[in-house]
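Secondary and tertiary structure notes
The lines below spell out each chain.
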Amino acid sequence: NNPLRDGDVLVSGRQTFSLGFFSPKNSIRRYLGIWYHNVSEQTVIWVANRDAPLNDTSGLLSLDSRDNFGIYAANGTSLVWSAKLPAGNFAARLLNSGNWEMSILDTCKKLNP
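Source: prediction; values computed, not measured. Counting of residues starts from 1 at the beginning of each chain's written sequence and follows it residue by residue. In keeping with the model being predicted, local features are shown solely for residues with a pLDDT of at least 70 and side-chain atom pairs are shown and tallied solely at 80 or more, while totals for entire chains, interfaces and linings include all residues. Each side-chain value is derived from all of the structure's non-hydrogen atoms; neither hydrogens nor water enter the calculation.

**Let's talk about the sheet that holds strand β6 (residues 60-63)**
- The strand order across the open sheet formed by four strands is β1-β6-β7-β8, and the pairing between neighbours is antiparallel. Strands at the two margins of the open sheet, each flanked by one partner only, are β1 (4-5) and β8 (78-84).
- Between any two strands, at least two bridges found by DSSP are needed for them to pair. The helix count covers DSSP runs of H or I at least four residues long, the strand count covers runs of E at least two residues long, and both are numbered beginning at the N terminus. As judged from the six bridges shared by strand β7 (residues 68-73) and β8, these two strands associate in the antiparallel manner. The residue bridging F69 from the neighbouring strand is A83, located in β8.

What follows is the structure, encoded as structure tokens:
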């Protein structure tokens, strides 16, 4: 489990999109979102916690021990937004299309005869 902390940014392979925490203009509220990566004015295309903004930069995106994938405030002590995931090992990536994909990693080992 490698949390994405406020200040960290996940960038798509072709450097078209970014995922991370941001504040809109003239606001101190923090949101997790996806925006165009290399444009002069930040253009956000998706926001996870639109109805539950963070009040500071202590936010992180993480998977907890109960398989809740969520946004936490206060450095991981207060759950703000979440989605329940099935049990398993996950990998997340930001695609060149701007979609954020979460995949269950295959835990089966290939056996050689």
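**Considerations on the pairing of strand β4 (residues 31-36)**
- Categorising residues by exposure relies on relative accessible area from a 1.4 Å probe, with only protein chains included: less than 20% of the type maximum marks a residue as buried, more than 50% marks it as exposed, and the intermediate range marks it as partly exposed. A large share of β4 lies buried, amounting to five of its six residues.
- Two strands pair when backbone bridges link them, and strand β3 (residues 17-22) and β4 are joined in this way by six bridges, in the antiparallel orientation. Paired with G20 across the strands is G33, a residue of β4.
- In this sheet, strand β5 (residues 44-47) lies alongside β4 in antiparallel orientation, the contact comprising three bridges. Among the inter-strand pairings, I34 is bridged to a residue of β5, identified as W46.

**So, the packing of aromatic side chains**
- Stacked, tilted and edge-to-face are the three classes assigned to paired rings of Phe, Tyr and Trp, where Trp is represented by its six-membered ring and a pair needs centres within 6.5 Å; plane angles under 30 degrees give stacked, over 60 edge-to-face, the rest tilted. Counting across every chain of the model gives five aromatic pairs.
- Judged by centre distance (5.5 Å) and plane angle (50°), the rings of F69 and W100 are tilted. Note that F69 is positioned in strand β7 and W100 in strand β10 (residues 100-104), a separation of 31 residues in sequence.
- Residue class for F69 comes out buried when judged on its relative accessible area of 10%.
- By the ring-pair criterion, three or more aromatic residues cluster together here, those being F22, Y31 and W35.

**Section: the confidence of the model for the protein**
- For every residue, the predictor assigns a confidence score, pLDDT, that lies between 0 and 100. In this model, the protein carries a mean pLDDT of 85, and residues with pLDDT of at least 70 account for 90%.
- Whether two residues are in contact is decided by their heavy atoms: any pair within 4.5 Å suffices. Note that residues 108-113 has pLDDT below 50 and, in this model, zero contacts with residues that lie over four places away or in other chains.

**Remarks on the environment of G33**
- Here G33 shows up in strand β4.
- For the pair G33 and F21, spaced 12 residues apart in the sequence, the C-alpha separation amounts to 6.3 Å.
- Not counting chain neighbours up to four residues away, the residues in contact with G33 comprise S18, L19, G20, F22, W46 and V47.

**So, a nonpolar patch on the surface**
- Where nonpolar side chains cluster on the molecular surface, the patch consists of Y36, V39, I45 and W46 and spans about 330 Å² of accessible area.
- Assignment of secondary structure puts I45 in strand β5.
- I45 gets classed as partly exposed once you look at its relative accessible area, which sits at 41%. Residues enter a patch when their relative accessible area is above 30% and they make no salt bridge; the linking distance is 9 Å between like charges and 5 Å between nonpolar side chains (Val, Leu, Ile, Met, Phe, Trp, Tyr). Residue burial considers only the protein chains on display, and all accessible areas are found by Shrake-Rupley using a 1.4 Å probe. Counted as salt bridges are all cases of a side-chain nitrogen of Lys or Arg within 4 Å of a carboxyl oxygen of Asp or Glu.

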